[in-house]
Amino acid sequence: MTSQALPPSSSDEYPDQIIDLNKIFALFFDAKWIIIVTVAIFALIGIGYAMVATPAYRANALIQIEEKSPGGVSNLMSDQLSDIFSAESSTPTEIQIIKSRMILGKTAERFHLDILVTPHYFPVVGKLINRLKGENHSIQVSKFDIPEDAADGAYKLVILDSDTKQYQLVQNDAVILRGVAGETLEKDGYQLLVDDFESSNGFEFYIQKRSDLDAIKSLSDNLTISEIGKQTGIVELDLVGGDPEQIEQMLDDIQQNYFLQSTQRNASEAEKSLEFLRKQLPNIKSELDREENQLNEYRQKNETIDLSMEAKAKLDAMVALDAQLNELTFKESEISQKFTKDHPAYIALIKKRNTLLARKNSLNKDIKNLPKTQREILRMTRDLEVDQQIYVQLMNEMQELSIVKAGAGGNVRILDHARSSIHPIKPNKPMIVIMALIAGVALSVGFVLARAGVKALLFGGVEQTSEFQSLGLPLYARVHKSSAEIKLSKKRQRKKSVRQPFESQLLVGHSATDNALKGIEALQSNLRYALLDKQANNALMITSPTESAGTSFIAANFAALMAEKGEKVLLIDADMRQRKSDKPFALNCEIGLSDYLIDNVTFEQVAKSTSITNLDAIASGAIPPNPAELLALPSFNKLLSWAAEQYDLVIIDTPDSQTGQEALVIGPLVNSVLLVARYGKTATTDIELTQQKFTHAGCSIKGVIFNADENKS
């Protein structure tokens, strides 16, 4: 039964935008060792870091900032103005006070945070090795001072004898101090006190003296203060550090410093009020005595009597007004130390004083209508009574302030003393390892995809058959990627030193069900029309634009397949540039094509039969210095004429057009030229360039064989 030959397909288009998961998985599978090794390295890095990372603990404490009641001279004020002294700083302001140098500086000084001591481990892996050995290296330094003109360079504490606690301070390999733990060392402006250490002989510690500001900043960076709720006055303090016991002590110290500061601030306010009153009392007492004497003298001189009822009423009103004005004068003295004149409290005080002065002016006008003697007695009596009231009031206030100062307390209450977490808050070891694994997977997968993308960008490998249509080339066969060929290739690599029989390297006869072989069978049908024209000969040349396209694989298997179907076939290996041992489908012959072209041996001597029936082959022979020039000799054309008479089909396997000019020399001499393009490797630009070369050589490319196609059928 004969089958109708099909014309070569030029389309078989596939959507360009569909993501082929099988292709992606195959890409990852090919790079599996890159991914596995990268992930393993990152996992080891993550595990190592988790083991050597210094654990960090958090200490927590709680305080309450209470609203402070007014006291001191503020008791002299009216209810309308006394609220300015009871107004306390907001909680955010108090938080900033806690983080100020005034508070943190005392803690930094007490715990010697200006001295930074770190163990000296071997770079990268030293800390891990030390951790695996279970060794512990620690040291406590409470004093370290260096002269201002000290030379630059790192300071080291070198342990000389851990049993007797001997050590030395070294800079730039020069010994500066040497002594025993627990003793203060002094020399040339250097002072050092090492309290104790736990280490081994010869171990080194780096020691650094940093400024007070740097020490306070380091403490502040690790301290977090926040108010719980809104306007509750409950403040939470968190301190993070590597030593849970030390951070507890440091946080308690910060709380205590803030508490004492608050207490001292309230006592200081009372002391300032007392000091102000002590300065005013002597002056008021002197003024009071003077006014009393002056009034008595005036009465004796004028033999006056007591004031009338009307004058007495005006006197009482005037005294009350003066008392209020004097009260405002005292208060303005204190307000001016806390607020500017634009403050609402200061403005309210000025307004009230202006009101009282207006009333006083009105009374003064009424008093002017009284007889002169009564006016004078009224004025003197008013001044005397006002000063008496002020004096008595100030004396009472001094006694009250003395009591307040003696029992002064702060507006801060410590609710919870510092307690540190049992388990470190960081590092989160499982999370570190997981993140390292994710990073390893992401990096390796990204590298594989990027490499494939760059490769596609640089080399522009053909991946769709539709790309051949745009180049004007018919598709003669789609040869899918052969799993059997991959196995045979690995076998050849393992036994490279032992030349395998030619037929054992072919798919024909060994892998009849392989998808690649089905594509080569389709090539037979599509070539039927192309080979009908035998005006010149029946020769078919198979070449490629670039190397490693699989030209020899296609030529050898197609020749074997045609021979099995009864055609008498001659396979010519025209690649005279490679050694026989480097060719996957090399023919095991002593002489070959180059020997024929150079030494003029007979056709029968170079054309050797193979173990495959109907298949003869001509090997490439010895490597000549000028293979392209040899093929241009008339003798090669004679060989083709002879082969056309002796065989039904002549298949010529040539090197790629980039490597040499052989294909361009042979092309015009044969019946048909087929180009092998490998999936993902052969660039469209290379195919176009090859087309131009063959056009200039006087021949055309019949069509394309798409080799190692990874697209689904």
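Residues numbered from 1 in each chain as written. Predicted model: local features only at pLDDT ≥ 70, side-chain atom pairs only at ≥ 80, totals over all residues. Heavy atoms only, no water.

Undergrad: In this structure, what is going on with unusual backbone geometry? I would like to understand it.
TA: Peptide bonds are mostly trans, and most non-glycine residues show a negative phi. The residue after K426, namely P427, is reached through a cis peptide bond having omega 0°. The topology assignment puts P427 in the loop between β12 (412-420) and α12 (429-459). Despite not being glycine, N614 has its phi angle at roughly 70°, a positive value. As for its placement among the helices and strands, N614 is situated in the loop between β16 (608-609) and β17 (615-618). In this structure N614 comes out as partly exposed when scored by relative accessible area, which is 33%. Backbone geometry places A708, a non-glycine residue, at a positive phi of 60°. (Helix = DSSP H or I, 4+ residues; strand = E, 2+ residues; numbered from the N terminus. Buried < 20%, exposed > 50% of the residue type's maximum accessible area, 1.4 Å probe, protein only.)

Undergrad: Explain the packing of helix α5 (residues 101-110) against helix α7 (residues 212-221) to me, please; I cannot follow it from the model alone.
TA: Geometrically, a packed helix pair is captured by the angle between its two axes and the distance between the axes. In contact at an axis separation of 9 Å, α5 and α7 are set at 100° when each is read in the N-to-C sense. Our classification of the angle between α5 and α7 gives roughly perpendicular. Where α5 approaches α7, its residues R101, L104, G105, T107 and A108 are matched on the opposing element by L213, A215, I216, L219 and S220. Here the contact of α5 with α7 is composed, by residue class, of 6 nonpolar, 3 polar and 1 charged. (Axes fitted to C-alpha atoms, helices over the stretch in contact; angles between N-to-C directions. Parallel < 35°, antiparallel > 145°, perpendicular 65-115°, else oblique. Contact = heavy atoms within 4.5 Å. Nonpolar A, V, L, I, M, F, W, Y, C, P; charged D, E, K, R; others polar.)

Undergrad: I would appreciate a short explanation of the nonpolar core in the present structure.
TA: General note: in soluble globular proteins, nonpolar side chains tend to be found buried as a group. Membership of the largest hydrophobic core comes to 42 residues, with the highest contact counts inside it found for L593, F636 and I652. Top contributing element to this core by residue count: helix α20 (residues 634-646), with 5 residues. Other than its neighbours up to four places away in sequence, F636 contacts L593, L597, L631, I652, I666 and L669. Judged by nonpolar contacts, the second largest core, of 36 residues, contains A555, L561, A617 and I651. (Core = buried A, V, L, I, M, F, W, Y, C linked by side-chain atoms within 4.5 Å.)

Undergrad: Quick question: what am I supposed to make of the pattern of salt bridges here?
TA: Oppositely charged side chains can form a pair if their charged atoms are brought close together. One pass over the structure, following the stated rule, counts 9 salt bridges. Between E710 and K481 there is a salt bridge; the shortest N-O distance is 3.6 Å. Of the two residues, E710 sits in the segment after β20 (703-709) while K481 sits in the loop between β13 (475-480) and α14 (483-494), which places them 229 residues apart along the sequence. The exposure class assigned to E710 is partly exposed, which follows from its relative accessible area of 30%. Its relative accessible area of 37% is what places K481 among the partly exposed residues. Here R577 makes a salt bridge to E662, at a shortest N to O gap of 2.6 Å. (Salt bridge = Lys/Arg side-chain N within 4 Å of Asp/Glu carboxyl O.)

Undergrad: Explain the sheet that holds strand β14 (residues 539-543) to me, please; I cannot follow it from the model alone.
TA: Strand-to-strand pairing in sheets goes through backbone hydrogen bonds, with the strands running parallel or antiparallel. Spatially, β13-β20-β19-β14-β18-β15-β17-β16 is the arrangement adopted by the 8 strands of the open sheet, whose pairing is mixed. Because the sheet does not close on itself, it has two edges, and the strands there are β13 and β16. Direction of pairing for strand β15 (residues 569-573) relative to β17: parallel, over a ladder of 4 bridges. Within β17, the residue paired with I572 across the bridge is I618. (Pairing = 2+ DSSP bridges.)

Undergrad: Explain the environment of K209 here, please?
TA: One can find K209 in strand β9 (residues 204-209). Exposure remark for K209: the relative accessible area of 30% places this residue in the partly exposed category. Sequence-wise, K209 and L113 are 96 residues apart; in three dimensions their C-alpha atoms are separated by 9.2 Å. Look past the residues within four positions of K209 in its chain and what remains in contact with it is D114, F144, D145 and I146. A distance of 2.5 Å separates polar atoms of two side chains, one belonging to K209 and the other to D114. (Polar contact = N/O pair within 3.5 Å; in protein donor to acceptor, adjacent residues only side chain to side chain.)

Undergrad: What is the right way to read the side chain of Q524 from this model?
TA: Looking at the secondary structure, you find Q524 in helix α15 (residues 515-527). Classification of Q524 by relative accessible area gives buried; the value is 16%.

Undergrad: Help me out: how do you make sense of the UniProt feature "transmembrane region" (unreviewed entry) in the chain in this one?
TA: In the numbering adopted here, UniProt assigns the feature "transmembrane region" (unreviewed entry) to residues 33-52 and 431-450. Between the end C-alpha atoms of residues 33-52 the distance is 28 Å, and the span holds 100% helix and 0% strand. For residues 431-450, the helix share is 100%, the strand share is 0%, and the end-to-end C-alpha distance is 27 Å. (UniProt positions renumbered as here; feature names shortened; annotations may be inferred.)

Undergrad: Teacher, can you tell me more about helix α4 (residues 91-98) here?
TA: Think of an α-helix as 3.6 residues a turn; residues three or four steps apart then line up on the same face. Of the residues making up α4, those classed as buried are T91, E94, I95, I97 and I98. For α4, the arc enclosing every buried residue in end-on projection is 155°, short of the 170-degree limit, so these residues lie on one face. What points out from α4, more than 90 degrees from its buried face, is the exposed set P92 and Q96. (Arc of directions from axis to C-beta.)

Undergrad: I tried to follow the confidence of the model for the chain on my own but got confused; where do I start?
TA: Any residue range with low pLDDT should be treated as having predicted coordinates unsuitable for detailed reading. On average, residues of the chain score 79 in pLDDT, and 78% of them are at 70 or above. Between residues 1-17, whose pLDDT stays under 50, and residues either more than four places distant or in other chains, the model counts 35 contacts. Segment residues 70-88 is flagged for pLDDT under 50; beyond a separation of four residues in sequence, or across chains, it makes 45 contacts in the model. (pLDDT = per-residue confidence, 0-100.)

Undergrad: What am I meant to see in the pairing of β9 here?
TA: In the case of a regular strand, side chains alternate between the two sheet surfaces. Two strands pair when backbone bridges link them, and strand β2 (residues 115-119) and β9 are joined in this way by 5 bridges, in the antiparallel orientation. By the bridge assignment for β9, T118 is matched with Y206.

Undergrad: Can you help me understand the environment of D656 in this one?
TA: Of note, D656 is situated in the loop between β18 (649-653) and α21 (662-666). Expressed as a C-alpha distance, the spacing of D656 and E547, which sit 109 residues apart in the sequence, is 5.6 Å. The residues contacting D656, other than those within four sequence positions of it, are T543, S544, P545, T546 and E547. In terms of polar contacts, D656 uses its side chain to reach the backbone amide nitrogen of E547, at 3.4 Å.

Undergrad: Would you explain α5 in this entry?
TA: Of the residues making up α5, those classed as buried are I103, L104, G105, T107 and A108. Positive phi appears at H112, one or two residues downstream of α5, with a value of about 55°.

Undergrad: Looking at this structure, I do not really get the packing of α15 against helix α16 (residues 551-564). What am I missing?
TA: Two elements in contact, α15 and α16, have axes whose closest approach is 10 Å; the angle formed by their N-to-C orientations is 70°. Judged by the angle between their axes, α15 and α16 are roughly perpendicular. The handedness of the crossing between α15 and α16 comes out as right-handed. Across the interface between the two elements, A516, I520, E521, L523, Q524 and L527 of α15 pack against F553, N557, F558, L561 and M562 of α16. Residues of the contact of α15 with α16, tallied by class, amount to 8 nonpolar, 2 polar and 1 charged. (Left-handed = near helix turned anticlockwise from the far one by under 90°.)

Undergrad: Just checking my understanding: could you explain the packing of aromatic side chains for this structure?
TA: Working definition: an aromatic ring pair is given by the centre-to-centre distance plus the angle between the planes. Evaluated as defined, the whole model comprises 10 aromatic pairs. With a centroid separation of 5.5 Å and 45° between ring planes, the pair formed by Y596 and F603 is classed as tilted. Connected via pairs of aromatic rings, a cluster forms that spans Y596, F603, W642 and Y647. In this structure, K32 is placed above the aromatic ring of F29, and the distance from its NZ or CZ to the ring centre is 4.2 Å. When the ring centre of Y647 is taken as reference, the NZ or CZ atom of K568 above it lies at 5.4 Å. (Phe/Tyr/Trp six-rings, centres within 6.5 Å; stacked < 30°, edge-to-face > 60°. Lys NZ or Arg CZ within 6 Å of the ring centre and 35° of its normal.)

Undergrad: Before we go on, may I ask you to explain a nonpolar patch on the surface in this structure?
TA: A surface patch of nonpolar side chains, amounting to about 520 Å² of accessible area, comprises W33, I36, V37, I41 and I45. Along the chain, the position of I41 falls in helix α2 (residues 32-52). Residue classification places I41 among the partly exposed positions, given a relative accessible area of 44%. (Patch = residues over 30% accessible without salt bridge, like charges linked within 9 Å, V, L, I, M, F, W, Y side chains within 5 Å. Areas by Shrake-Rupley, 256 points an atom, 1.4 Å probe, with all protein chains shown as cover.)

Undergrad: Is there a simple way to think about the sheet that holds β12 in this case?
TA: On the basis of which strands lie adjacent, the open sheet formed by 4 strands has the order β10-β11-β1-β12 and antiparallel pairing. The sheet is open, and its two edges are formed by β10 (223-227) and β12, each paired on a single side. If you compare each strand with its neighbour and ignore which way they point, the axes differ by 15° on average. Alignment of strand β1 (residues 57-65) against β12, held across 6 bridges, turns out to be antiparallel.

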